[in-house]
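Tertiary structure, described
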Amino acid sequence: MATADITIPEDLKPADGRFGAGPSKVPASAVNALAERGLDTMGTSHRKSAVKKQVKRLQEGLAEFYSLPEGYEVVLGVGGTTAFWDVAAFSLVRTKAQAATFGEFGSKFAKELAAPHLEAPSVRKAEPGSAARLEAEEGVDFYATPHNETSTGVAVDVRRVAAEGALTAHDATSSAMGLAVDVNETDCYYFAPQKGLASDGGLWIALMSPAALERTEEIAASGRHIPGFLDLKTAVDNSRKNQTYNTPAVATVILAAEQTDLLNSQGGLDYAVKRCAASAENLYSWAESRDFASPYVTDAALRSNVVGTVDFEGVDAAEIAAVLRANGILDTEPYRKLGRNQLRIAMYPAVDPADVAKLTESIDYVVERLA
Ligand SMILES: *Cc1c(COP(=O)(O)O)cnc(C)c1O
């Protein structure tokens with residue numbers, strides 16, 4: 001059957017068809033709340049109380065969600081995770097970093113860590129679909145790994161590298177809000193709000209340990225030239241006043257605060273982790289039971305509960321994604337540079353596990369007709 005002729009029956013379709021890994025589904029309730037709260041915040045000064053109240057709501061909500069340990073702070077700034085990589089290179093790395101890379105996002109950060117003011121980073125690389133581990137190394141003062149590699153759907157445990165005086169940082173852009181973590185095991189758990197936080201892009205958020213805050217002070221006082229936009233000390237000082245250094249996306253802050261409050265009211269991190277695990281169970285058990293599909297990540301212990309990747313055989317995944325798209329089920333295409341016959345499904349807390357189950361029914365329907 002030609003792809004254009006395939007109409008998925010309504011009763012097989014998910015109630016909400018947004019499965020993008022980022023930007024990701026923003027719940028209707030949050031969009032509606034924005035319409036209401038936006039009227040006395042958007043278009044008003046980010047240095048005054050209405051906007052600062054929203055920033056504070058987000059900071060306090062995240063502190064509650066993560067049972068933030070004593071001395072940790074919720075720091076935020078403008079520019080998304082990509083900007084934060086440079087923030088870290090300028091304001092957190094003393095001389096040399098070690099980076100674990102096993103996909104696109106980890107590799108990108110490793111490139112930023114090869115900055116001219118630093119020694120060449122040591123890179124521990126593993127093939128996409130598997131994971132590389134950080135390891136204590138002489139001369140390294142900053143260790144970095146993705147918590148969840150969004151390009152491949154591989155998640156690792158969050159654990160601090162046992163290296164005296166060094167910092168460990170985790171890119172939690174897609175794992176934040178959905179994967180289990182003990183923040184005591186990291187010095188910098190950073191993310192952007194357009195993935196697990198069900199918000200929009202443009203900001204970075206970092207849960208920083210006392211050691212990371214101290215390192216920030218040390219480097220700020222060292223005389224190193226740090227561009228203002230990338231100056232973490234400036235961001236810390238502003239965050240303590242519930243502000244950002246330069247103008248933030250206020251709608252992004254409000255949507256992120258909505259999702260954080262919602263998850264806190266439903267049971268916090270434990271609730272969110274279980275919800276994502278239920279979605280993942282629906283996706284992976286289905287993929288394992290079909291001849292034409294299989295989970296891309298062969299080691300089940302590394303399979304992400306927030307970003308699922310499924311390989312297809314004997315059927316063109318791009319065609320499936322196109323039919324799904326034509327039927328209102330969006331952004332199931334794989335990460336473009338991975339180049340596999342694959343679908344990638346976001347299963348962040350905002351996504352209903354029942355919708356993931358419906359998605360698999362929709363895929364079954366499409367595959368049957370494409371065959
Ligand atoms: C999406 C993503 C990024 C990039 O985030 P931006 O806010 O677009 O810069 C970085 N790291 C990971 C793990 C991601 O998933």
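Residues numbered from 1 in each chain as written. Predicted model: local features only at pLDDT ≥ 70, side-chain atom pairs only at ≥ 80, totals over all residues. Heavy atoms only, no water.

You'll find the chain entered in an unreviewed UniProt entry as phosphoserine transaminase, with Salininema proteolyticum given as the organism. Comment text from UniProt for the chain, heading Cofactor (unreviewed entry), reads "pyridoxal 5'-phosphate". (UniProt positions renumbered as here; feature names shortened; annotations may be inferred.)

1. What to know about the sheet that holds strand β11 (residues 307-312)
The strand order β10-β11-β12 describes an open sheet built from three strands, whose pairing is antiparallel. Both outer strands of the open sheet, β10 (293-295) and β12 (342-346), are each paired with one neighbouring strand and no more. The sheet shows a mean angle of 30° between the axes of neighbouring strands, direction not considered. Note: β11 against β12, five bridges, orientation antiparallel. The residue bridging D311 from the neighbouring strand is Q342, located in β12. Set on the sheet, helix α8 (residues 268-289) makes contact with β10, β11 and β12; between it and β11 the angle comes to about 10°. Contacts between helix α9 (residues 317-326) and the sheet are confined to β11 and β12, with β12 contributing the most and set at about 45° to the helix. (Pairing = 2+ DSSP bridges. Helix = DSSP H or I, 4+ residues; strand = E, 2+ residues; numbered from the N terminus. Axes fitted to C-alpha atoms, helices over the stretch in contact; angles between N-to-C directions. Contact = heavy atoms within 4.5 Å.)

2. Concerning the pattern of salt bridges
A complete count under the given rule lists 23 salt bridges for this structure. Salt-bridge contacts for K233 lead to D237; the nearest nitrogen and oxygen are separated by 3.3 Å. Taken as a pair, K233 and D237 lie in helix α6 (residues 232-239) at a separation of four residues, close to a single helical turn. On the basis of relative accessible area, K233 is assigned to the partly exposed category, the value being 27%. Residue classification places D237 among the partly exposed residues on the basis of a relative accessible area of 29%. Put simply, E288 and R303 hold a salt bridge, and the shortest N to O gap is 3.2 Å. Of this pair, E288 sits in helix α8 while R303 sits in the loop between β10 and β11, placing them 15 residues apart in sequence. On the basis of relative accessible area, E288 is assigned to the exposed category, the value being 52%. The class for R303 is buried, based on a relative accessible area of 15%. (Salt bridge = Lys/Arg side-chain N within 4 Å of Asp/Glu carboxyl O. Buried < 20%, exposed > 50% of the residue type's maximum accessible area, 1.4 Å probe, protein only.)

3. Thoughts on the side chain of T216
As for its position among the elements, T216 is in helix α5 (residues 210-220). Its relative accessible area of 3% is what places T216 among the buried residues. Here T216 is in contact with S91, L92, M208, L232 and K233, once residues within four sequence places are set aside.

4. Observations regarding unusual backbone geometry
The step from G22 to P23 runs through a cis peptide bond, and the omega angle for that step is 0°. Among the structural elements, P23 can be located in the segment before α1 (28-37). Of note, M177 is a non-glycine position whose phi angle comes to about 80°, a positive value. Accessibility expressed as a relative area gives 0% for M177, which makes it buried.

5. Some remarks on the UniProt feature "domain: Aminotransferase class V" (unreviewed entry) in the chain
Mapped onto the present numbering, the UniProt feature "domain: Aminotransferase class V" (unreviewed entry) falls at residues 19-329. Taken end to end, residues 19-329 has its terminal C-alpha atoms 7 Å apart, with 37% of it in helix and 15% in strand.

6. What about the nonpolar core?
If you look at the biggest cluster of nonpolar residues, it comprises 52 residues, and the most contacted ones within it are F84, L92, L113, F142, W204, M208 and L232. For this core, the leading source of residues is helix α3 (residues 80-91), giving seven residues. Among residues more than four places away in sequence, those in contact with M208 are G71, Y72, E73, V75, L92, D187, C188, L213, T216, L232 and V236. (Core = buried A, V, L, I, M, F, W, Y, C linked by side-chain atoms within 4.5 Å.)

7. Some thoughts on α1
Those residues of α1 that sit buried are A30, A33 and L34. The arc that holds the buried residues of α1, viewed along the axis, is 105°, so those residues lie on one side. The outward face of α1, more than 90 degrees from its buried face, is lined by the exposed residues A28, N32, A35 and E36. Turning to α1, the residues buried within the fold contact α7 (250-266). (Arc of directions from axis to C-beta.)

8. With respect to the packing of helix α2 (residues 49-65) against α7
It is the contact of α2 with α7, at a shortest axis distance of 9 Å, that shows an interaxial angle of 35°. Both α2 and α7 take part in a crossing whose hand is left-handed. For the pair α2 and α7, the contacting residues are V51, Q54, V55, R57, L58, G61, L62, E64 and F65 in the first and V250, V253, I254, A256, A257, E258, T260, D261, L263 and N264 in the second. Partitioning the contact of α2 with α7 into residue classes produces 11 nonpolar, four polar and four charged. (Left-handed = near helix turned anticlockwise from the far one by under 90°. Nonpolar A, V, L, I, M, F, W, Y, C, P; charged D, E, K, R; others polar.)

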